[in-house]
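An overview of the molecular structure
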Amino acid sequence: ETGLKLPSGRTFSRFTSPNYNPTKAHALVFVFHGDGGTGASARSALNMESFAGDDAIFLYPDGTNKSWDLDKLEGQSPDLAFVDALITEHTNSFCVNPKKIFASGFSRGGYMANHVACRMGNVIRGVASHAGGGPYSGKYDNQGNLVCNGGPVGAAIFHGLPDGNVVPAEGDKSVKYYARVASCAATTKPADPTPCVAYDSCSQPLMHCKIPGMGHQVWKDGAQATWTFFSKL
């Protein structure tokens, strides 16, 4: 369903399985588009629907002026209010498992997914960023560490090594943040799919996938790897 609208006037697209079972609790998965994109373009770039079967409802929000505000916090951010309203709308109207709400996105949408996971960490269970970065908005402690809301969440960070639009160091910063808040060890082990690695001894899973030869795009295995990661949280 495309062109759906909330009372606020904000628009989004939604996918539910043709076999949607209203008595079964579903994951709720946000997919945020990059700059200049739309919910429809996010769906074509990072489509997990076929991998999820009837286990999830997918939401593809449309950003204002085809972008996302990464600086405003809860209470001041129309974008965070939009996400919150979508969660309320769908938990009221559909059978949603409130412990399985996930955020994902590409490019600026990856930053937005991390921003949502930071500011709504008490609601979001896991996050996957593709060619993105962050989170960086909010308060910092005396050691210069970002302080987010809620506890750590499961995180999967995907990045092409030659990405010239959003450099891989941005993804590395995301990994560093999630590793710190989940008290991960510095060591990793290989994870599926190759060349991903999983960090050891984390309180929440952390996966990092650095893809040789891939520029600023979603990895061909990215959608499936993201859904597999979410489905295990």
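Residues numbered from 1 in each chain as written. Predicted model: local features only at pLDDT ≥ 70, side-chain atom pairs only at ≥ 80, totals over all residues. Heavy atoms only, no water.

What to know about the state of the cysteines
One pass over the structure, following the stated rule, counts three disulfides. Two residues, Cys184 and Cys202, share a disulfide whose sulfurs are 2.0 Å apart. An S-S torsion of about 120° defines the bridge between Cys184 and Cys202 as right-handed. Here Cys202 lies in the loop between β11 (197–199) and β12 (206–211) and Cys184 lies in the loop between α5 (168–181) and β10 (188–190), a separation of 18 residues in the sequence. Between Cys196 and Cys209 runs a disulfide, and the two sulfur atoms are separated by 2.0 Å. Across the S-S bond of Cys196 and Cys209 the torsion is about 110°, and the bridge reads as right-handed. Here Cys196, found in the loop between β10 and β11, pairs with Cys209, found in strand β12; they are 13 residues apart in sequence, far enough to count as distant. You'll find Cys196 and Cys209 in the same group, each marked buried. (Disulfide = S-S within 2.5 Å. Helix = DSSP H or I, 4+ residues; strand = E, 2+ residues; numbered from the N terminus. Buried < 20%, exposed > 50% of the residue type's maximum accessible area, 1.4 Å probe, protein only.)

Brief notes about the sheet that holds β12
An order of β1-β2-β4-β3-β5-β6-β9-β12-β11-β10 is seen for the 10 strands of this open sheet, with the pairing classed as mixed. Strands at the two margins of the open sheet, each flanked by one partner only, are β1 (4–5) and β10. Judged from the three bridges that link them, β10 and β11 form a sheet pairing that is antiparallel. Its bridge partner being in β11, Thr188 is matched across the sheet by Tyr199. Most of the contacts of helix α3 (residues 78–93) go to strand β3 (residues 26–32), to which it runs at about 155°, and overall it touches β2 (11–15), β3, β4 (56–61) and β5 (96–106). The sheet strands contacting helix α4 (residues 108–119) are β3, β5, β6 (126–130) and β9 (154–160), and the helix crosses β5 at an angle near 145°. (Pairing = 2+ DSSP bridges. Contact = heavy atoms within 4.5 Å. Axes fitted to C-alpha atoms, helices over the stretch in contact; angles between N-to-C directions.)

Quick word on unusual backbone geometry
Cis geometry is adopted by the peptide bond preceding Pro135, which originates at Gly134 and carries an omega value of 5°. In this fold, Pro135 is placed in the loop between β6 and β7 (139–140). The omega angle of the peptide bond from Asp192 to Pro193 is 0°, so this bond is cis rather than trans. For Pro193, the position within the fold is in the loop between β10 and β11. Unlike most non-glycine residues, Asn65 shows phi in positive territory, near 55°. Following the sequence through the fold, Asn65 ends up in the loop between β4 and α3. The backbone phi angle of Lys66 is positive, close to 60°, even though this residue is not glycine. Residue placement: Lys66 occurs in the loop between β4 and α3.

Some remarks on α5
In an α-helix, one full turn covers 3.6 residues, which means residues spaced three or four apart are oriented alike. Between its first and last C-alpha, α5 extends 20 Å over 14 residues, near the 20 Å set by a 1.5 Å rise per residue. For α5, every residue scored as buried is listed here: Pro168, Glu170, Gly171, Ser174, Val175, Tyr177, Tyr178 and Ala179. Following α5 by one or two positions, Ser183 adopts a phi angle in the positive range, close to 55°. (Expected span 1.5 Å × (residues − 1).)

Brief notes about the pattern of salt bridges
Scanning all chains against the criterion turns up 11 salt bridges. Close ionic contact of Arg108 with Asp35 constitutes a salt bridge, the shortest N to O distance being 3.9 Å. Here Arg108, found in helix α4, pairs with Asp35, found in the loop between β3 and α1 (39–45); they are 73 residues apart in sequence, far enough to count as distant. Sharing partners across several salt bridges, the network here consists of Lys24, Asp54 and Asp55. (Salt bridge = Lys/Arg side-chain N within 4 Å of Asp/Glu carboxyl O.)

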